[in-house]
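Here is what each chain is made of, one letter per residue.
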Amino acid sequence: LLPELARRIPEADAVIVFTLGDHLALRSLVRELRAPRAGGRCADALVRRLAEHVAFEERTLFPALQETLGCDRVATLAAEMAKSEGRKSRKGARP
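Residues numbered from 1 in each chain as written. Predicted model: local features only at pLDDT ≥ 70, side-chain atom pairs only at ≥ 80, totals over all residues. Heavy atoms only, no water.

Asker: Describe the side chain of His-53, listing the residues and the values that go with them.
Answerer: Note on placement: His-53 falls in helix 3 (residues 40–69). Relative accessible area serves as the criterion here: at 4%, His-53 is assigned to the buried category. At 2.6 Å, the side chain of His-53 forms a polar contact with the side chain of Asp-22. Not counting chain neighbours up to four residues away, the residues in contact with His-53 comprise Thr-19, Asp-22, His-23 and Leu-26. (Helix = DSSP H or I, 4+ residues; strand = E, 2+ residues; numbered from the N terminus. Buried < 20%, exposed > 50% of the residue type's maximum accessible area, 1.4 Å probe, protein only. Polar contact = N/O pair within 3.5 Å; in protein donor to acceptor, adjacent residues only side chain to side chain. Contact = heavy atoms within 4.5 Å.)

Asker: Got a sec to walk through the nonpolar core? Specific residues and values, please.
Answerer: Nonpolar side chains in soluble globular proteins tend to be buried together. Listed in full, the eleven residues of the largest apolar core are Leu-2, Leu-5, Ala-6, Val-15, Ile-16, Phe-56, Leu-61, Leu-65, Leu-69, Val-74 and Leu-77. Listed by contribution, the elements that provide at least two residues to this core are helix 1 (2–6), helix 2 (14–34), helix 3 and helix 4 (71–92). Considering every element that reaches this core, the biggest residue donor is helix 3, with four residues. In this view, Leu-5 contacts Val-15, Ile-16, Leu-61, Ala-64, Leu-65, Thr-68 and Leu-69; residues no more than four positions away in its chain are not counted. (Core = buried A, V, L, I, M, F, W, Y, C linked by side-chain atoms within 4.5 Å.)

Written out as structure tokens, the structure is:
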């Protein structure tokens, strides 16, 4: 969704920059959690950060997507993403 949004608004827009930065921070926390000696504080931090991120997406990112791209385009992108995810999960399935 972000590449599509970036085609319509400046890539340096705060919504895009914050979202990408937050995705990187979440990935970092997941890597830390997978470490052999990860503790409960790491899990707590991930849970808290993920909840904040979801709230941001619901309050800020998704409305910006709908306003900028329009509901029809967002629905088309959602269908394309679901179709792509379906192909990925079928490839990963074992007989």
